[in-house]
Amino acid sequence: RKEVEQDPGPFNVPEGATVAFNCTYSNSASQSFFWYRQDCRKEPKLLMSVYSSGNEDGRFTAQLNRASQYISLLIRDSKLSDSATYLCVVNNPGSNYQLIWGAGTKLIIKP
Amino acid sequence: EAGVAQSPRYKIIEKRQSVAFWCNPISGHATLYWYQQILGQGPKLLIQFQNNGVVDDSQLPKDRFSAERLKGVDSTLKIQPAKLEDSAVYLCASSQFPNYGYTFGSGTRLTVV
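These figures come from a predicted structure and were not determined experimentally. Residue numbers restart at each chain and count upward from 1, following the sequence in its written direction. The order in which chains are written sets their letters, starting at A; the order in which ligands are written sets their numbers, starting at 1. The predicted nature of this model means local features are confined to residues of pLDDT at least 70 and side-chain atom pairs, given and counted, to a pLDDT of 80 or more, with totals for whole chains, interfaces and linings taken over all residues. Hydrogens and waters are ignored; side-chain quantities use all the structure's heavy atoms.

Undergrad: Mind showing me how you'd approach the sheet that holds strand E1 (residues 4–6) of chain A here?
TA: Pairing between the strands of a sheet comes from backbone hydrogen bonds, and it takes one of two forms, parallel or antiparallel. All names here are of chain A. Ordered by their spatial adjacency, five strands build an open sheet running E1-E3-E8-E7-E6, and the pairing between neighbours is antiparallel. Edge strands, defined here as strands with exactly one partner in the open sheet, are E1 and strand E6 (55–57). Ignoring which end each strand starts from, the neighbouring axes of this sheet average 20° apart. Of the pairings in the sheet, the one linking strand E3 (residues 19–25) to strand E8 (residues 70–75) comprises six bridges and is antiparallel in character. Bridge pairing in E8 links Val19 to Ile75. In this scheme, strands are said to pair when DSSP sees at least two bridges between them. The helix and strand labels rest on DSSP assignments: H or I over at least four residues marks a helix, E over at least two residues marks a strand, and numbering proceeds from the N terminus. Simply put, an axis is a line fit to the C-alpha atoms, just over the touching stretch for a helix, and the angle between two N-to-C directions goes from 0 to 180 degrees.

Undergrad: Can you walk me through the state of the cysteines in this structure?
TA: Covalent bonding between the sulfur atoms of two cysteines is what defines a disulfide. Cysteine sulfur pairs qualify as disulfides if the two atoms are within 2.5 Å. For the structure on display, the rule yields two disulfides over all chains. Covalent S-S linkage joins A:Cys23 and A:Cys88, the inter-sulfur distance amounting to 1.9 Å. Here the S-S torsion is close to -70°, and the disulfide linking A:Cys23 with A:Cys88 is therefore left-handed. Here the residue A:Cys23 occupies a position in strand E3, and A:Cys88 occupies one in strand E9 (residues 84–92), the gap between them amounting to 65 residues. This pair shows no difference in class: A:Cys23 is buried, exactly as A:Cys88 is. The disulfide that involves B:Cys23 links it to B:Cys92, with 1.9 Å between the sulfurs. Here's how the labels work: a residue is buried when its accessible area is under 20% of the maximum for its type, exposed when over 50%, partly exposed in between, all with a 1.4 Å probe on protein chains only.

Undergrad: Looking at this model, I keep getting lost on the pattern of salt bridges. Mind explaining?
TA: Charged atoms that come close allow side chains of opposite charge to pair. Should a side-chain nitrogen of Lys or Arg be within 4 Å of a carboxyl oxygen of Asp or Glu, the pair is scored as a salt bridge. One pass over the full model with this rule turns up six salt bridges over all chains. In this structure, the salt-bridge partner of A:Arg76 is A:Glu56, at a minimum N-O distance of 3.5 Å. With A:Arg76 in the loop between E8 and E9 and A:Glu56 in strand E6, the pair connects residues that are 20 residues apart, well separated along the chain. We classify A:Arg76 as partly exposed; its relative accessible area is 26%. Take A:Glu56: its relative accessible area is 59%, and that puts it in the exposed class. One salt bridge connects B:Arg64 with B:Asp86, and the closest N-O pair in it is separated by 2.5 Å. Note that B:Arg64 is positioned in the loop between strand E6 (53–56) and strand E7 (65–68) and B:Asp86 in the loop between strand E8 (75–79) and strand E9 (88–95), a separation of 22 residues in sequence.

Undergrad: What's the story with the sheet that holds E7(B) in this structure? I'm lost.
TA: Residues and elements named next belong to chain B. The strand order across the open sheet built from four strands is E1-E3-E8-E7, with neighbouring strands paired in antiparallel fashion. Edge positions in the open sheet fall to strand E1 (5–7) and E7, since each of these has one partner strand only. For this sheet, the mean inter-axis angle between neighbouring strands, taken without regard to orientation, is 15°. As judged from the five bridges shared by strand E3 (residues 19–24) and E8, these two strands associate in the antiparallel manner. From the neighbouring strand, Phe21 faces E8, where its bridge partner is Leu77.

Taken by themselves, the reported measurements are silent on function.
In structure tokens form, the structure reads like this:
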């Protein structure tokens, strides 16, 4: 089992729709969780951290489910500019708290 | 605040040649990382520095890759000799605290032919 797993997609979603994707992680001791956004041929950029209580930033909501070892990202009222690859990142306490990156989920918002 | 600077942006070399990449982190960021990102995959950590010391280089192919951060500021990553499978984007990132709040540079896209 991979340490961090994501559905590669692509998710093809009409503009204005709500889309959600999950990311599962294997190490139950992981403590830090992030979602990064990566545009085509660009570097990853931090979208949001994921807290135990969940957090919301505008149209974006991130949730953590420790019991089932997954994090989720919900995007409401999707915009064309949301088209990107979304990378899930989890820390590994057993390896110097190194961040482990998922391969990403590709999202395409269609007009 | 100036971002993480990397150069060159693109590099094409033949296999068995050598290549070097340069990174200048955000001022004051003690932690510096080099990542390799192959097309369709997430970034893979090659090496992590804390100031000028190596924290983690467990995934660095040391027979051909080397990295240094001599004065605890900028860093270079070298590949010698390059193989076809080294074709990837090499990303440098820095953070004020280890493994938190990364900022990435724009990366160097390496093609080995």
